[in-house]
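# A structural walkthrough
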Amino acid sequence: MEDVDTDQIIPARFLKATTREGFGDNLFRDWRYNSDNTLKADFVLNNPIYTGRILVAGRNFGCGSSREHAAWAIHDFGFKVVVSSFFADIFRGNALNNGLLPVQVSDAFLHTIFSAIEMNPKTELHVDLERQTITLLESGDSETFDIDLYKKVCMINGYDDIDYLLSMKDKIQAFEQAQV
């Protein structure tokens, strides 16, 4: 589906908590659940044939409001990567700041991924952050993706902004000493 906004990812009525835990239960809440809180059998995330830690999404994923909770919900549900041919800038930043890797591919490669999944729901993708590649393992089809170098270092090392600065503490202190 294209143009999935943050209110569809995590509806506003579930934004009462200030910690990141528990949001995964309400990921795509209005699409995943019936009004009586039973799972909708025809929603893709409720189908046990689809498993894994990579969410493949349509174009323009994460549009709408700037709610950071959308990235929290996706990550808390168990996804580590979201693949789309276009991400809203604010969503991309929120995802990267919360340990969720947004992999932007071309429209053509996204179509290739969806076609492979349609033919084989157990299709496997491999994302190599260091090499900045995403590969369909069965066919070997691959594409590179861009990521800010600073965010790449943070993602590889599991750093947030403070952790990154702390990792450079010795260099910062040496610089300060040289200024005296």
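Okay, so let's go over this structure.

Conventions and cut-offs
- Residues numbered from 1 in each chain as written.
- Predicted model: local features only at pLDDT ≥ 70, side-chain atom pairs only at ≥ 80, totals over all residues.
- Heavy atoms only, no water.
- Pairing = 2+ DSSP bridges.
- Helix = DSSP H or I, 4+ residues; strand = E, 2+ residues; numbered from the N terminus.
- Contact = heavy atoms within 4.5 Å.
- Polar contact = N/O pair within 3.5 Å; in protein donor to acceptor, adjacent residues only side chain to side chain.
- Salt bridge = Lys/Arg side-chain N within 4 Å of Asp/Glu carboxyl O.
- Buried < 20%, exposed > 50% of the residue type's maximum accessible area, 1.4 Å probe, protein only.

Turning our eyes to something else, we now look at the pairing of strand E4 (residues 125–128). Where E4 and strand E5 (residues 133–136) come together, four bridges link them in antiparallel fashion. Residue Leu125 lies in a different strand from E5, and its bridge partner there is Leu136. A loop of four residues connects E4 with E5, the two strands running antiparallel in sequence, and Gln132 in this loop sits at a positive phi of about 55 degrees.

Attention shifts here to the environment of Thr123. In this structure, Thr123 sits in the loop between helix H5 (107–119) and E4. Sequence separation between Thr123 and Lys151 is 28 residues, and the spatial gap between their C-alpha atoms is 28 Å. Ignoring anything within four residues of it in the chain, the contact list for Thr123 reads Ala116, Ile117 and Leu136. Of the polar contacts made by the side chain of Thr123, one reaches the backbone oxygen of Asn120; its length is 2.6 Å.

Turning to the pattern of salt bridges, a few remarks are in order. Summed over all chains, the structure comprises five salt bridges. The partner of Arg67 in a salt bridge is Asp7, and the shortest N-O contact between them spans 2.9 Å. Of this pair, Arg67 sits in the loop between strand E1 (54–56) and helix H3 (69–77) while Asp7 sits in helix H1 (residues 6–9); the two residues are 60 residues apart in sequence, bridging distant segments of the chain. On the basis of relative accessible area, Arg67 is assigned to the buried category, the value being 16%.

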